[in-house]
Amino acid sequence: MSWNPYKWWKGFKEIGKRLKEKNIEGNMKGEGLTTGGLVIFGVDGKAKYMYKEDTGIPIDEELLLKAVRAVRESQMTTTDSTEL
């Protein structure tokens, strides 16, 4: 994280541009620092992939799809081997 005011301004401008392109509206309510994320669990109940939101940085959709496919493939392999 940088404390450079120019980098902050530039970052907020980029976020605003992406929000406008996606036609997403917001408000100035709340503290603005709460972030989200995503966890993909396998059939064993263990976390297999985690994405922690970084404000202003879009999720890598290709990486997310690879994680889902990997969990699905391991699930199919586990299911196939236990059925034998």
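Here goes a summary of the coordinates provided. All figures in this text were calculated on a predicted structure; none of them were measured in a lab.

**Notes on the overall build of the protein**
Line of reasoning, step 1. Helix and strand counts for the protein come out as 2 helices and 2 strands.
Line of reasoning, step 2. Burial status across the protein gives 7% buried among its 84 residues.
Line of reasoning, step 3. Partitioning the intrachain contacts of the protein with sequence separation of at least 6 by distance along the chain shows that 30% fall at a separation of at least 24.
Line of reasoning, step 4. Accessible surface, the protein: about 7,800 Å² in total, of which carbon and sulfur atoms supply 58%.

**A look at the packing of aromatic side chains**
Line of reasoning, step 1. This structure, assessed with the given rule, holds 3 aromatic pairs.
Line of reasoning, step 2. Ring geometry for W3 versus W8: centroids 5.9 Å apart, planes at 20 degrees, classification stacked.
Line of reasoning, step 3. On the accessibility criterion, W3 (69% relative accessible area) is exposed.
Line of reasoning, step 4. Taking 6.0 Å as the distance between ring centres and 35 degrees as the angle between the ring planes, the aromatic pair formed by Y6 and W9 counts as tilted. Taken together, the positions of Y6 and W9, both in helix α1 (residues 5-21) and 3 residues apart, correspond to about one turn of that helix.

Conventions adopted
Each chain has its residues counted from 1, running along the sequence as written. Residue-level local features of this predicted model are given only where pLDDT is at least 70; pairs of side-chain atoms are given and counted only at 80 or more, and the full residue set underlies all totals for whole chains, interfaces and linings. Neither water nor hydrogens contribute to the side-chain values; these are computed over all heavy atoms in the structure. Only DSSP runs of H or I with at least four residues qualify as helices, and only runs of E with at least two residues qualify as strands; both kinds are numbered from the N terminus onward. Under the scheme applied here, a residue whose accessible area is under 20% of the maximum for its type counts as buried, over 50% as exposed, and between as partly exposed, the area being computed with a 1.4 Å probe on protein chains only. Throughout, a contact is declared for two residues whenever any of their heavy atoms are within 4.5 Å. Accessible surface is estimated by sampling points in the Shrake-Rupley manner with a 1.4 Å probe; for residues, cover comes only from the protein chains shown. To pair, rings of Phe, Tyr and Trp, with the six-membered ring standing in for Trp, must have centres within 6.5 Å; the planes then decide the type, stacked if under 30 degrees apart, edge-to-face if over 60, and tilted in the middle.

Take it as geometry only, folks, not as evidence of what the structure does.
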